[in-house]
Every structure is written in structure tokens, then in C-alpha cells.
Amino acid sequence: MHAVILAGGKGTRLRPYTTCVPKPLVPIGDTYSILEIVLHQLRAHGFTSVTLAVGHMGHLIRAFVGNGSRYGLTVEYTDEETPLGTIGPVLNVLDSLPEQFLVMNGDVLTNLNYGTFLQRHIQSERSVTVATYNREIKSEFGVLDINEASNQIVAFREKPTVHFQVSMGVYAISRGALRGYTPGQVLGFDTLMLDLLAAQDFPGSDLFGGYWLDIGRPEDYDMANREWQEMSAILLPHLTLSAAD
């Protein structure tokens, strides 16, 4: 199985941590960077090869990861000269990818089994499957429903909680879903979703109920470090057991 890891962003929301280090290489706890955790997980879940899409400070990622042999993986690289969006970097290496593959952000901490997720996608025969997660937002205000024609309040909800599913930044993609795009073009996940929906090629949702943290803000990074001692056994159980032996 093959994964494409998106590691080319500048990580501006995570400054000052990313001033001198690309976001995928910021450390979690005392042992691993985010990217190392992901690479170890992919190997444990049955993946054998990875393409790293790098851009900002990509030379540091290349120097750190190398050919991937110390993770038990074959790692190759594709460079973004200019930002290409979430899916754009994949177009540049599409012909070298297997028919079904994983695409994921390089700053995700989760105990999702990436191999099982990809296999479920393959069995579904969908063009794209998105790993999704339940989120909720509680309003700080009473919410009014207004009839705009009469300017009347027709319903009232006191500080309601809204439930919805969000993308985890992990996608299983069939190569055919990207055949209509041109290598080098900017292509975001949002555009891909809208194009698939317009074509009535409906992507699948694979709802996950385990641990997931998208490290996009300093407070998320601080939380990951606070929780690391507890979460390390959940995120990297195979390495934890090896260390105990």
C-alpha cells in the first residue's frame, strides 16, 4: 500500500514553533516528530511506500527522513515550487501511484488504522473516501429564526449545540478520480469535492470514533505534548511494547 503525505505547508498558524522547523518535524513529547509518528504508523498498518510532497523547508524534511529505510518504508519526494493546494501535488506523481492510494496531511495525530481505512475504500469501489470525525459547536448566544418577509421571530433556541462531521485530513483516492486534471495545476480538496458532487460521483464518508487531533494552532500543539505520555501507547502501541521488552 502507498501513501502520499502532504508536508509542504508553511505552518503559519503554528508560529513561533515553525519559524525554523517545518511543521511535520516539530517534536511531540521527547522522542518523535509528528512526521515520524505518521511514518511508524503507516508501516505498522501495512504500507510499504510513501511519497512526501514537500515545499517550505523541504530540504530539512529530506535530510531528516532520507529514503525511509529506518522506518521500514521506501520514501520518495515531489517538490512544490509554488503552493498547489491539497490535491495538486498528487497530480504531479499520479502516473507513478497505484490505482488506489492514501493521501493525508502531515500534521495529523490519530490512531486511525490507515491500512484498514484504505481497504474499506477499495471494497466500496468509490472514487474518493474521506475519513470523518464528529464535532460539535455550542453557540454562546440564543439563536433566533427570522421570517424575513414579515420580520418576525418564528423560533428560538437557547445556546444550541450544532453537530456535524468534519474531514480528518485523511483521504483514500482512486487514481481515476484525478485523471481529468492537469499536472501542475492548483487543486484543493474543496474543488475536488465540488467537482465530484457536480458529476454525481458521491464521495464516501468513513466515520472514525477514536483519537484525532489536527495540529493547526499553538494550543493544539501544546495539548498534544500534554497528552503525549498517555497517548503514545495508543498512537504507537507496537513501539511502546518493543520499548517495554
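The coordinates are above.
Residues numbered from 1 in each chain as written. Predicted model: local features only at pLDDT ≥ 70, side-chain atom pairs only at ≥ 80, totals over all residues. Heavy atoms only, no water.

What follows concerns the packing of aromatic side chains. Under the definition given, this model contains three aromatic pairs. Ring centres 6.4 Å apart and planes at 45° place the aromatic pair Tyr-133 and Phe-208 in the tilted group. Of this pair, Tyr-133 sits in strand β8 (residues 128-138) while Phe-208 sits in strand β12 (residues 204-208), and the two are 75 residues apart along the sequence. Aromatic pair Tyr-171 and Phe-189: ring centres 4.4 Å apart, planes at 20°, arrangement stacked. Taken together, the residues Tyr-171 in strand β11 (residues 161-174) and Phe-189 in helix α5 (residues 189-198) connect sequence positions 18 residues apart. Accessibility expressed as a relative area gives 17% for Phe-189, which makes it buried. (Phe/Tyr/Trp six-rings, centres within 6.5 Å; stacked < 30°, edge-to-face > 60°. Helix = DSSP H or I, 4+ residues; strand = E, 2+ residues; numbered from the N terminus. Buried < 20%, exposed > 50% of the residue type's maximum accessible area, 1.4 Å probe, protein only.)

Here the focus is the sheet that holds strand β1 (residues 2-7). Spatially, β5-β4-β1-β6-β11-β8-β12 is the arrangement adopted by the seven strands of the open sheet, whose pairing is mixed. Looking at the sheet topology across the chains shown, the edges are occupied by β5 (74-79) and β12. Strand after strand, the sheet turns through a mean of 30° between neighbouring axes, direction not considered. In this structure, β8 lies alongside β12, joined through five bridges in parallel fashion. (Pairing = 2+ DSSP bridges. Axes fitted to C-alpha atoms, helices over the stretch in contact; angles between N-to-C directions.)

To continue, consider the pattern of salt bridges. Charged atoms that come close allow side chains of opposite charge to pair. Counted under the stated rule, the structure contains six salt bridges. Among the ionic pairs, Arg-179 bridges to Asp-95, the shortest N-O distance being 2.8 Å. Separated by 84 residues along the polypeptide, Arg-179 in the loop between β11 and α5 and Asp-95 in the loop between α3 (88-91) and β6 (100-105) bring together distant segments of the chain. On the basis of relative accessible area, Arg-179 is assigned to the partly exposed category, the value being 46%. The closest approach of N and O atoms between Asp-145 and Arg-157, which form a salt bridge, is 2.6 Å. With Asp-145 in strand β9 (residues 143-147) and Arg-157 in strand β10 (residues 152-157), this residue pair connects regions lying 12 residues apart in the sequence. (Salt bridge = Lys/Arg side-chain N within 4 Å of Asp/Glu carboxyl O.)

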